[in-house]
Each structure stands twice: as C-alpha cells, then as structure tokens.
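Observations on the three-dimensional arrangement
Here's the letter readout for the chains.
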Amino acid sequence: MNIKDYTIEQLEKLSKEIRDKILDTVSQNGGHLSSTLGATDLIVAMHYVFDCTQDPFIFDVSHQSYAHKLLTDRWESFDTLRQFGGISGYTKPKESPYDYYVAGHSSTSISLAVGAAKAIALKNESDSRVPVVLIGDGSMSAGMVYEALNELGDRKYPTVIILNDNEMSIAKPIGAISRYLSQHMASPFYQKLKRKTEKLLEHLPEGATYMAKRFEESFKLITPGILFEELGIEYIGPIDGHDFEALIKALKIAKNLKKPVIVHTQTTKGKGYEIAQGQKEHWHGVSPFDRASGKSNTSSSKPSATSIFGNKLLELAKSNEKIVGVTAAMPSGTGMNIPMEVFPQRFWDVAIAEQHAVTSVGALAKEGFKPFCAIYSTFLQRGFDQIIHDVCLMDLPVVFAIDRAGIVGEDGETHQGAFDISYLRPIPNMTLLAPYNPTTFALALEFAAIYQHPCAIRYPRGAFMGSDAPSIPYALGVGQILYEGNGEVALIGYGNGVGRAMNTAGYLNFEPAIVDLRFVKPLDVALLKVLSQRYTKWFIFSDSAKIGGVGAAIVEAIHQHAIKGVEVVSFEYEDSFVTHGNTTLVEESMGLLPSQLARTIEKRLDKIKKP
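Residues numbered from 1 in each chain as written. Predicted model: local features only at pLDDT ≥ 70, side-chain atom pairs only at ≥ 80, totals over all residues. Heavy atoms only, no water.

So, about the overall build of the protein. On a plain count of helices and strands, the protein comes out with 23 helices and 19 strands. With 611 residues in all, the protein has 58% of them scored as buried. Within the protein, contacts between residues at least 6 apart in sequence are counted, and of these 75% link residues at least 24 apart. For the protein, the computed accessible surface area is about 25400 Å², with 53% contributed by carbon and sulfur atoms. (Helix = DSSP H or I, 4+ residues; strand = E, 2+ residues; numbered from the N terminus. Buried < 20%, exposed > 50% of the residue type's maximum accessible area, 1.4 Å probe, protein only. Contact = heavy atoms within 4.5 Å. Areas by Shrake-Rupley, 256 points an atom, 1.4 Å probe, with all protein chains shown as cover.)

Here is the structure:
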C-alpha cells in the first residue's frame, strides 16, 4: 500500500481502520493485541517516511508487526492470522518479501540492523537504503541490545532505531533502565524544559530547528538521551507515538542524519480499545474473546500445567524457606506469579534476560538456596551456555521448570518447545524428568525440591493429555509400567507423551503395555531390560525432536547394555521446524494424532507379520 501522498488526516483514518481490522481478527483468532494496537501509528509513520521495498524493516520480536502486514498486501489474508495454513503472527520472509527477517525472540533487532548496515555499506547502497528498527522498551532489558549498540555507536553506520516506550514489556517492566526511561521523561523539570523548548522552536526558522533540538539535548543529564549518547548513538525524543506530525518530522530528521539514531517514542498499549488500554500482562497475548465485553471465548475444565506448577511451588515454598524462584518476564506465563504474590522477596521477575536469570540462580544455589528457574522451552535456548558454565559445571542444585514443552500451536516455529531434551541431555550432571498428569507433576516437583543436583522438568502448554493411573513417588532414574499388555507391544511415553500413548492405546485392537519413562537422563536401564523380556516392539512417545531425543537415548542404552531382540520406533518430531496453527491441525499434519498413530502401529505390525 503506497501511503506517501497521504495527509495527516488520511494517516489517522488509516490507523483507525488498521486497529479495527486487528481487533476483529484477534478477537476471532487470538494473538498479540495490546502492543500491536499501541505500535500501529509508529508502523504507519515508518511506511510513510521509509521505503519497505528497499529499507530493511526490522521488528524486534515482531509480535507487534500486524500493521506492517496489513500495509504490505496482506489485508485480504489477514483473517487467516495464526491459523494453520494462514499467515504467521510474526514476520516471515517466506510469507512476504516485505518481511526482512524471521523474528519471535526478543532483542535481536539491533544486531540484525548492524549486519544489514554493514552489507549496505559494502554494496555502496548507503545513499538509498537504511535499516529501520522498531523495538519495545521491554526488549531493552536484554544484554544483546547493548552489545549491538556498542558496535553501532563505534562504527556509525546509518541506522534508525525507533524505541517504542510504553512503560511495559510483557509484564510490569523490571530494572533500572526501564525506570530511567519512564521516570526521567516524566519529571516536572524535564517536562517544563521540554515545553519551553517547543515554544522556542515554533519561532525559529526551519534551518535552526535541529540546532535548537541539540541545545535541548545538551541537558541530557536529566533526559533519557544520556544512555544512548554515551554509546555514540544520536538521540531524538521523547516523541508522542500517536502524533503523526511529530513522528514524521522526527523520522525524517533521523533518516537525513546518515548516522545511527534512536527515536524515542511514547505510546499507549491497547490504543483504540478502551478495555485493553493501560492494562498490563493480560492483554499482551490473548485467546479469542468477545470484542464488546472483552471476555474470553475459551475455557478449560482441566487445570493447566502452568497453574499446577505455580500452586505446588507455593506449597513447597511455604514449608521450605530456602526455596526461591526466578522467571524472565513471564510471571503469569510460567505460574511464577503465584508464589511471587505471597513471597515477593524470594521470587523474582528479572525481565527479558534469560542468560542473567540462569547465572543468577547458580549463585543462589551456591549460597545454599534451592532455586527454581521457570522459563519456556524455546526461551531457555538463550541461556544454554549459562546452564553449562554457571550451573552444571559446578553441579549446583538448580531446578529448571520448562514450560511450553512440545507444540505450542499458533505462535509457530519460533516458539515450539521441541529442542530442550536434545540440548540438555548431553550436559554432564544434568538430570531430566517429566510428568504426564497433575499427580505426577506434584510428585516430580517434590522430588526436585530435595534433589541436590541440576535437574530440568518439562511440561506442556495447557492441560496434560494423561489420565490418572496408579503412581509412586519419584526416585532417581526409575520409571514405571502403568499397564501390562497382552502382546509384544510396549508404548513408552515420556512426559506428555505418556498421555498420547494412553490415547493411542484406545484406538488399537489389542492391549499394549504402557510405560511412564519418567526420566530420560538417567534412563531406567533395569526397566528396559525387564521390558525386553516380554515386549519386543517398542513405540516411543515424546513431544520433542527426534534427533537427540528420547528414542535416541533408548537406542543408545540398548546398544550400550547389549539389550537384544528389540525394535524401536520413535514418534518424535522429524528434522524440520514445526509450523504455526491450531495444535490439533498441526499434529494431524505430522501424523501425531492418537488415531493416526494407532493406524501407523497396526500397519507396521502387519508388515512385520507378512512373509
């Protein structure tokens, strides 16, 4: 959509139409809402001043990029947002040439911009192209941002960074930087100075405007600009992120400077939707809801694994004052908000800073505390080195509570919890366990609370698939046969895979054994040997990547311990990224629904029986 000739009134009308389209779609499909509504005017102004066919438009996380999608030939397809086979909720170059880069994790945008700026300089295209970044204040809590700014300020590549400051990230903003940005700009002295300077600017000729702006910024000891100026980055702002005239003027100045520039904007989350406006975490990401009332259209009779974790952790913390906890900007998303409300001095949100979170809990463990570090599977990837270097190397008793393990549905490739088993299993001193229902989750947490080595517990988004079965307390490296079979087949499950195995068994024309593996490291080798004496066809169920996963661990054990006469088939994820969409539809496309798995098993057994 070409909006270069639009008037201010037309831009404002367009923004309202975009917000209405976003509200209609997200209320039907679910998605990211408040940040997207707040960033709409910024994105419209970006498209007015810059050229997305030439300039790399780089959205940090990119959950707030819906307006960009609507402005780049996806208005008609926008109704398929986050649906299976539809458009992604994040930027995706395979979807559109106007999406510069895949994004879904925070704080990568400025590093991407530095790389793009280097390439533009090497190709002698600096006169016609400039990287444009849109980054939220929440992403400014991660160290990667400052690594990128440090180099950018030194090399001075032309880059425009739009800082979307809404005084909130996903949850309540955490840290000195967030307080610095919000408190200083709101101080009476700064606001009075800003008003006087603006009046002065009204009476200056156009050529003197920028010098006057620099004069205002010379007072940077009382403005947010000092943070960026000291890094060698030019600073403009703060600007009202919903004032098109001010936005366009600031972005044009930034573009023409041919230097790295921060344009600091202030926006309101939920802009244009009164129910969500000014709210915090609840409206960041939403399930389908009634637009008129704001009430959710979805409900579940089963407790979520997240709520089970939060409530059980609170129970454990009440009986053991050494139990502490950390999460990285996801208190309600991980259930950590439940103990945080009761023990705010023992449970902390450290902002979007997974590396810092992991290292900090290592020190807590060294000091004699029992830390629980609750992070989504996909985000724990960001703390991989710290898990090795700062926890496992010293064999410190940290519990990693890995939420969103397995397919998470509509968020897609960047958020699927596929890889945690594969990347944690090779680490010395690390123990891996997984429950399959509320009862075993409580037992697993009780085990972890007294375990004196690093361990990681994985569990799914939403409710467990598994039903109740007789359960025993957890003991290190000990699995459990839940049901004996009447043939040669054993369905071996790990975590939520146990529930999938149970559901699959219901479609079979015979009774298989069902096994709760419980631990994938260490494996229960004694149990495997017992199984091999009766069951020779093993089918592995785990919501995880096949390479380096549960099936691989079992095959390794079979060879290492000379277990004979067993055939192993794994139903873990193949070597590809898992797409977005309704979880049932995604699993169906992968052949992972219980009915499909049952047919696969029966066909495989029939093939074996034929001469």
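The rest of the description comes next.
Relative to the assigned elements, Arg-425 resides in the loop between helix H17 (420–424) and strand E12 (431–433). Other than its neighbours up to four places away in sequence, Arg-425 contacts Leu-432, Val-520, Lys-521, Gly-548, Gly-549, Ala-552, Ala-553 and Glu-556.

Aromatic rings in a pair are described by how distant their centres are and how their planes are angled relative to each other. Under the criterion given, the structure shown has 19 aromatic pairs. Aromatic side chains Phe-228 and Tyr-235 sit 6.0 Å apart centroid to centroid with 10 degrees between the ring planes, which places their arrangement in the stacked category. Looking at Tyr-235, the relative accessible area reads 2%, which means it is buried. Relative to Tyr-451, the ring of Phe-447 has its centre 5.0 Å away and its plane inclined at 25 degrees; by these criteria the two rings are stacked. Each member of the pair Phe-447 and Tyr-451 is classed as buried. (Phe/Tyr/Trp six-rings, centres within 6.5 Å; stacked < 30°, edge-to-face > 60°.)

Right, let's talk about a nonpolar patch on the surface for a bit. Together, Tyr-100, Tyr-101 and Val-102 make up an exposed nonpolar region whose accessible area comes to about 290 Å². Its place among the elements puts Val-102 in the loop between helix H3 (66–71) and helix H4 (109–122). (Patch = residues over 30% accessible without salt bridge, like charges linked within 9 Å, V, L, I, M, F, W, Y side chains within 5 Å. Salt bridge = Lys/Arg side-chain N within 4 Å of Asp/Glu carboxyl O.)

Its place among the elements puts Leu-37 in helix H2 (residues 34–49). Classification of Leu-37 as buried rests on a relative accessible area of 0%. Through-space distance from the C-alpha of Leu-37 to that of Gln-64 is 7.8 Å; in sequence the pair is 27 residues apart. Discounting chain neighbours no more than four positions away, the residues touching Leu-37 are Arg-19, Ile-22, Leu-23, Gly-270, Lys-271 and Tyr-273.

An order of E9-E8-E10-E11-E13-E12-E17 is seen for the seven strands of this open sheet, with the pairing classed as mixed. The sheet is open, and its two edges are formed by strand E9 (347–349) and strand E17 (519–521), each paired on a single side. Neighbouring strand axes in the sheet, compared pairwise and without regard to direction, differ in orientation by 20 degrees on average. Relative to E9, strand E8 (residues 323–327) runs parallel, the two sharing three bridges. Across the sheet, the residue bridging to Gly-325 is Phe-347, located in E9. Here helix H14 (residues 354–366) sits on the sheet and contacts E8, E9, strand E10 (370–376) and strand E11 (399–403); the angle it forms with E10, its principal contact strand, is near 165 degrees. (Pairing = 2+ DSSP bridges. Axes fitted to C-alpha atoms, helices over the stretch in contact; angles between N-to-C directions.)

If you walk across this open sheet you meet the five strands as E14-E16-E15-E18-E19, and the pairing is mixed. At either end of the open sheet lies a strand with only one pairing partner, and these are strand E14 (480–483) and strand E19 (567–570). Adjacent strand axes in the sheet meet at a mean angle of 25 degrees, parallel and antiparallel pairs treated alike. Two strands pair when backbone bridges link them, and strand E15 (residues 489–493) and strand E18 (residues 537–541) are joined in this way by five bridges, in the parallel orientation. Counterpart to Leu-491 in the pairing with E18 is Phe-539. On the sheet, helix H19 (residues 496–505) packs against E14, E15, strand E16 (513–516) and E18 and is oriented at approximately 170 degrees with respect to E16. Here helix H21 (residues 550–560) sits on the sheet in contact with E15, E18 and E19, set at roughly 145 degrees to E18.

Here we take up the confidence of the model for the protein. Parts of the prediction with low pLDDT should not have their coordinates interpreted in detail. Predicted confidence across the protein gives a mean pLDDT of 90, with 89% of residues reaching 70 or more. Below pLDDT 50 for its whole length, residues 185–191 participates in 15 contacts with residues either more than four positions away or in separate chains. In the model, residues 217–222 has pLDDT below 50 throughout and makes 14 contacts with residues more than four positions away in sequence or in other chains. (pLDDT = per-residue confidence, 0-100.)

Next up on the list: the pattern of salt bridges. With the rule as written, the count across this model stands at 29 salt bridges. Among the salt bridges present, the one from Glu-446 reaches Lys-312, with a minimum N-O distance of 2.7 Å. Here Lys-312 lies in helix H11 (residues 305–319) and Glu-446 lies in helix H18 (residues 438–450), a separation of 134 residues in the sequence. Residue Lys-312 is classed as buried on the basis of its relative accessible area, which comes to 9%. The closest approach of N and O atoms between Arg-500 and Asp-543, which form a salt bridge, is 3.1 Å. Remark: Asp-543 occurs in the loop between E18 and H21 and Arg-500 occurs in helix H19; sequence separation between them is 43 residues. Looking at Asp-543, the relative accessible area reads 6%, which means it is buried. Via salt bridges that share partners, Lys-16, Asp-20, Asp-24 and Arg-291 belong to a single interconnected network.

Attention now moves to a positive patch on the surface. On the surface, a cluster of positive charge is contributed by Lys-4, Lys-252, Lys-255 and Lys-258. Take Lys-255: it is sitting in helix H10 (residues 244–257). A residue is classified by how much of its surface remains accessible, and Lys-255, at 32% relative accessible area, is partly exposed. (Lys, Arg positive; Asp, Glu negative; His and termini not counted. Charge placed at Lys NZ, Arg CZ, Asp CG, Glu CD.)

Attention shifts here to the pairing of strand E3 (residues 132–136). Within E3, five of the five residues are buried, which leaves it mostly tucked inside the rest of the structure. Going residue by residue along E3, you find Val-132, Leu-134 and Gly-136 tucked away on one face and Val-133 and Ile-135 tucked away on the opposite face as well. Of the strand pairs in this sheet, strand E2 (residues 57–59) and E3 are connected by three bridges, and their pairing is parallel. Its bridge partner lying in E3, Ile-58 is registered against Val-133. Viewed along the sheet, the connection from E3 through helix H5 (residues 143–155) into strand E4 (residues 159–165) turns out right-handed. (Right-handed = clockwise from strand over helix to strand, strands pointing away.)

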